[in-house]
Structures are given as C-alpha cells and as structure tokens.
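# Structure at a glance
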Amino acid sequence: MMGFRDCHCFKCIIEHHVQLRRNLKIIQDTFNVTMLMQFTSNVIVLCIQGYTIVKAMSDGNLFGLISYILYIFFSTFNVFMYCSLGERVIQKSVSISREIYEMRWYRMDIKYRRLLIIIINRSNKPFELKAGHFFTMCLATYKGIIVTAFSYASCLLALSEK
C-alpha cells in the first residue's frame, strides 16, 4: 500500500486546493460590487445602444450605426472577459474530482482514500465568481445579459413607434 510518505505531493495538493479557495474568496470579496455595477450598467447601455442602432438604421446614418456597433462591442467585451474567466474557473474546479478519481487512489492507505472522498465531495460544489452575490459569472450569464438587453431595446423600439 502507498502511504502518505510515498505520495509526497498529496499534502501539497490539499494545501494548494485550500489556498485556491482562499484566493477566490479574496477576489470575490474585492470585485463583487464592481462586477455587479459593470453588469447592470452594461445591460442599460446595451438596451439604449440597441435602440439607437435601430434608429440609426432607419435614419440611414451609416457613421452613427458603425460607431454604435463598435461601442456595443467594446462595452460588452469587458463583461465577456469576466464571464469567460468565471466559466474557466467553474470548469477547472469541476475537473478536480475527475482528476482525483483518475489518480491511483486504490494504491493508497484507506486513511488517504477517505481524505480523497472528502476532497471529491468538496470539489463537487464548483468555485464560482459572482457579481454582487447574485449572478454567477459564466457564459450562460453573458448570453442572458445580451438577450435581456436586446429584449428591452426591442420593447423601447415598440413603445417609440406608437
């Protein structure tokens, strides 16, 4: 049987996992409100810019149309980066349990197998970056922001035509 001394990296893996959780909490606490404000302002900006793009198209204002489209692209890129980073954090944290399962745990002492079960159970709840403790930052959230903003822009357009 393989003991703890034989698996010198086992302790390092656990310490690294705990340190990652601490670092994520620090990041979460630091950028929590900032990301919520970024998301909220982005929905408002997208809604208004979507409306102005449709208006610019109907007015035939090509320069305005291009500038509004570029503005939307660059304003959403920042949120996309947050969301893609959050998605990557989720994917990597979910893969922890799979990686542990694929290691040679069956050669370890029963004591260390039990520790691995605890780690697998903890890693089943993925690390998540959240905006304001409300929105999980992932690509599904980004898609939701885009869809919501353009739905509101569509409503604005329908109201302005009446």
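A count of helical and extended segments in the protein gives 4 helices and 2 strands. For the protein, the N- to C-terminal ordering of α and β elements is α-α-α-β-β-α. On C-alpha atoms alone, the protein measures out to a radius of gyration of 23 Å, which is more than a quarter above the 15 Å that the 2.2 N^0.38 rule sets for 162 residues. The principal-axis extents of the C-alpha atoms in the protein amount to approximately 75 × 25 × 25 Å. Sequence-distant contacts in the protein: of pairs separated by 6 or more residues, those separated by 24 or more amount to 78%. When the accessible surface of the protein is totalled, it reaches about 10,900 Å², and 66% of it is carbon and sulfur.

Another point: the nonpolar core. Among the nonpolar cores identified, the biggest contains 20 residues, and Phe39, Val79, Ala131, Met137 and Ile145 are the most heavily contacted of them. Of all the elements in the fold, those that place two or more residues in this core are α1 (9-59), α2 (62-102) and α4 (139-161). Of all the elements, α1 adds the most residues to this core, at 8 residues. Setting aside residues no more than four positions away along its own chain, Met137 makes contact with Met35, Phe39, Tyr82, Cys83, Gly86, Glu87, Ile90, Leu129, Lys130 and Ala131. Ile96, Ile100, Met108 and Leu116 belong to the second largest nonpolar core, which has 6 residues in total.

Closest axis-to-axis distance for the α2/helix α3 (residues 110-123) pair is 8 Å, and the angle between their directions is 155 degrees. In this view, α2 runs roughly antiparallel relative to α3, as classed from their interaxial angle. The two elements α2 and α3 meet at a crossing, and its hand is left-handed. Where α2 abuts α3, its residues Ser93, Val94, Ile96, Ser97 and Ile100 lie against Leu116, Ile119, Ile120 and Ser123. Broken down by class, the residue content of the contact of α2 with α3 amounts to 6 nonpolar, 3 polar and no charged.

With that settled, the discussion passes to the packing of aromatic side chains. Under the counting rule described, the total for this entry stands at 5 aromatic pairs. Where Phe39 meets Phe135, the ring centres are 6.5 Å apart and the plane angle is 25 degrees; that geometry is what we call stacked. Placement of the pair is Phe39 in helix α1 and Phe135 in strand β2 (residues 135-136), with a sequence separation of 96 residues. Classification of Phe135 by relative accessible area gives partly exposed; the value is 38%. Following the ring pairs from residue to residue traces out a cluster consisting of Phe39, Phe134 and Phe135.

What counts as what
Residues numbered from 1 in each chain as written. Predicted model: local features only at pLDDT ≥ 70, side-chain atom pairs only at ≥ 80, totals over all residues. Heavy atoms only, no water. Helix = DSSP H or I, 4+ residues; strand = E, 2+ residues; numbered from the N terminus. Rg over C-alpha atoms; globule rule 2.2 N^0.38 Å. Contact = heavy atoms within 4.5 Å. Areas by Shrake-Rupley, 256 points an atom, 1.4 Å probe, with all protein chains shown as cover. Core = buried A, V, L, I, M, F, W, Y, C linked by side-chain atoms within 4.5 Å. Buried < 20%, exposed > 50% of the residue type's maximum accessible area, 1.4 Å probe, protein only. Axes fitted to C-alpha atoms, helices over the stretch in contact; angles between N-to-C directions. Parallel < 35°, antiparallel > 145°, perpendicular 65-115°, else oblique. Left-handed = near helix turned anticlockwise from the far one by under 90°. Nonpolar A, V, L, I, M, F, W, Y, C, P; charged D, E, K, R; others polar. Phe/Tyr/Trp six-rings, centres within 6.5 Å; stacked < 30°, edge-to-face > 60°.

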